[in-house]
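# Reading the structure
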Amino acid sequence: MRIQLSDHFTYKKLLRFTIPSIIMMVCTSMYSIIDGLFVSNFVGKTPFAALNLMYPIIMAFSTVGFMLGTGGSAIVAITLGKGEKEKANEYFSMLIYIAIGIGLAISAIAILFMRPIALVLGATPELLDYCVLYGRILCASLPAFMLQIMFQSFLVTAEKPVLSLGISIASGLTNIFLDFLFIVVFQWGLAGAAAATAFGQVVGGIVPILYFSRPNNSLLRLTRTKFYGNVLKNTCVNGSSELMTNLSSSVVNILYNFQLMKLAGEDGVAAYGVILYANFIFAAIFIGYSMGSAPVVSYHYGAQNHPELKNLFKKSLTLIAIAGLAMTLLAEGTSAPLTRLFVGYDGDLWAMTCRGFRLYALSFLINGFNIWGSGFFTALGDGVVSAIISFLRTLVFQIAVLLILPVFFGLDGIWLAITVAELLALLVTATFLVKKRTKYHYA
């Protein structure tokens, strides 16, 4: 039976509604992971390091999609909760059209300046050509990737999380198949990995356009619209936390690479890349839950259904706590075989990666609360609080500990930096959740 935003949500119904978004985010995170797996094992360690050096900047370019998707879907869901379906479709359409224009502009500029960008990121002469090649190919598909990110939020708002999941699986399978074809069969090397990812992103971005352009049985459809400046402004403010989260993560990842190049050289960058792959999957579970539950929170907030907001708040905290404990135990128990998949061919690199992953994985106990807390305030339309949590968590705290801890603990300080930063952010998240509970009536 179809689950509607207006329903009362039990644990079972909440999981059924959010699991497609969770799987969808895991599939999205698989892009770089699959590329890394093929490149590391079939192309070489140097191209693998180049891929890891460039991926944060590609994600930084795509952050506009996260901002427009999460911020806009909250506004659209609140509008639907008020019973204004036609207006919601106009808002939705305007944001999609704006994203296409912004994506094309960023893509053109990034391709033009990719070489100096790679040099600023610290590419050595051995890495430079690989970095430029990989970056330019992925930037060519950037508009489609931004749309894919946006539709992950809007398909849930349209009460089509299963369709969103299906599209994500299709794009992921496209990436995997083409990685094998381009790298193993055709032996196109790093260019093949980038091309495979680009084609997968095109599938994820274009298929939803075709769906929403035609009559459908969802809550949303692309239609003629006009420019709503206030809606765009509120979308940007409301989605600024997601913009800050992803942009800051990219900046921090670049800083990690700088620190690791100083302490461990190319091997350190390769090790961090593998650790990030695991982090992508585990963090994707929390991000997927936040994305999946956000339209429900927004709808009931728009409808002023305070009892259901309280229900969603309590159940979400419980689910996040259980998932955090389970994922930490899983990460610690599987660290050796997971890291061996990527760098098992080099004993010293594998040992460094395995130890780093075990220390890094302690953060999974905590980061789910911060990811969900930021997304929860975005869903309530409080983009300022959400942005503060994200800004402190993903940028300020991480940069501070990343610069300080290695002075005292060396390489282990880099791996532990994320956990210390998440602990500091948890204090901020908890403070806001307590302070805002009477304003939004969720506790």
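In case you missed it, the structure is sitting above this.
Only a predicted model underlies this, so the values are computations on that prediction, with no experimental measurement involved.

Of note, the phi angle at Glu 159 is positive, near 65 degrees, even though the residue is not glycine. In this fold, Glu 159 is placed in the loop between helix 7 (142-157) and helix 8 (161-185). Relative accessible area serves as the criterion here: at 10%, Glu 159 is assigned to the buried category.

On to the packing of aromatic side chains, then. Using the criterion set out here, one finds 21 aromatic pairs in the structure. When the centroid spacing of 5.1 Å and the interplanar angle of 80 degrees are considered together, the rings of Tyr 91 and Tyr 228 count as edge-to-face. With a gap of 137 residues between them, Tyr 91 in helix 4 (residues 85-112) and Tyr 228 in the loop between helix 9 (189-213) and helix 10 (229-238) connect regions that are remote in the sequence. Judged by its relative accessible area of 14%, Tyr 91 is buried. Ring centres 6.3 Å apart and planes at 25 degrees place the aromatic pair Phe 182 and Phe 186 in the stacked group. A relative accessible area of 40% means that Phe 186 is categorised as partly exposed. Taken together, the ring pairs connect Phe 92, Phe 151, Phe 154, Tyr 211 and Phe 212 into an aromatic cluster. Across the ring face of Tyr 11, the terminal group of Lys 315 is positioned such that the distance to the ring centre comes to 4.9 Å.

Glancing now at the packing of helix 7 against helix 8. Two measures define how a pair of helices packs: the angle their axes make with one another and the distance between the axes. Running from N to C, helix 7 and helix 8 point in directions that differ by 155 degrees, and their axes come no closer than 7 Å. By the angle class used here, helix 7 and helix 8 are roughly antiparallel. Here helix 7 and helix 8 pass one another in a crossing that is left-handed. Residues Gln 148, Phe 151, Gln 152, Leu 155 and Val 156 of helix 7 lie in contact with helix 8, whose contacting residues are Pro 161, Leu 163, Ser 164, Ile 167, Ser 168 and Ser 171. Classifying every residue of the contact of helix 7 with helix 8 gives six nonpolar, five polar and no charged.

Each value, and the rule that gives it
Sequence order as written defines the numbering, with residues in each chain counted from 1. Given that the model is predicted, a residue must reach a pLDDT of at least 70 before its local features are reported, and side-chain atom pairs must reach 80 or more before they are shown or counted; all residues, however, enter totals for whole chains, interfaces and linings. Based on all heavy atoms of the structure, the side-chain values leave hydrogens and waters out of the count. Counting from the N terminus, the helices are the DSSP runs of H or I reaching at least four residues and the strands are the DSSP runs of E reaching at least two. Partly exposed describes any residue whose relative accessible area lies between the buried limit of under 20% and the exposed limit of over 50%, with all areas from a 1.4 Å probe on protein chains only and scaled to the type maximum. The criterion for an aromatic pair is that two Phe, Tyr or Trp rings (for Trp, the six-membered ring) have centres within 6.5 Å, with stacked assigned to planes under 30 degrees apart, edge-to-face to planes over 60 apart and tilted to the rest. Remark: a charge is flagged as sitting over a ring if the NZ atom of Lys or the CZ atom of Arg is within 6 Å of the ring centre and within 35 degrees of the ring normal. Interaxial angle, 0 to 180 degrees, is taken between N-to-C directions of lines fitted to C-alpha atoms, where a helix line uses only the stretch in contact. Note that the term roughly parallel is reserved for angles under 35 degrees, roughly antiparallel for angles over 145, roughly perpendicular for angles of 65 to 115, and oblique for everything else. A clockwise turn of the near helix away from the far one marks a right-handed crossing, whereas an anticlockwise turn of less than a right angle marks a left-handed crossing. In this analysis, two residues are considered to be in contact whenever any of their non-hydrogen atoms come within 4.5 Å of each other. Residue polarity is assigned by list, with Asp, Glu, Lys and Arg as charged and Ala, Val, Leu, Ile, Met, Phe, Trp, Tyr, Cys and Pro as nonpolar; anything else, Gly included, falls into the polar class.

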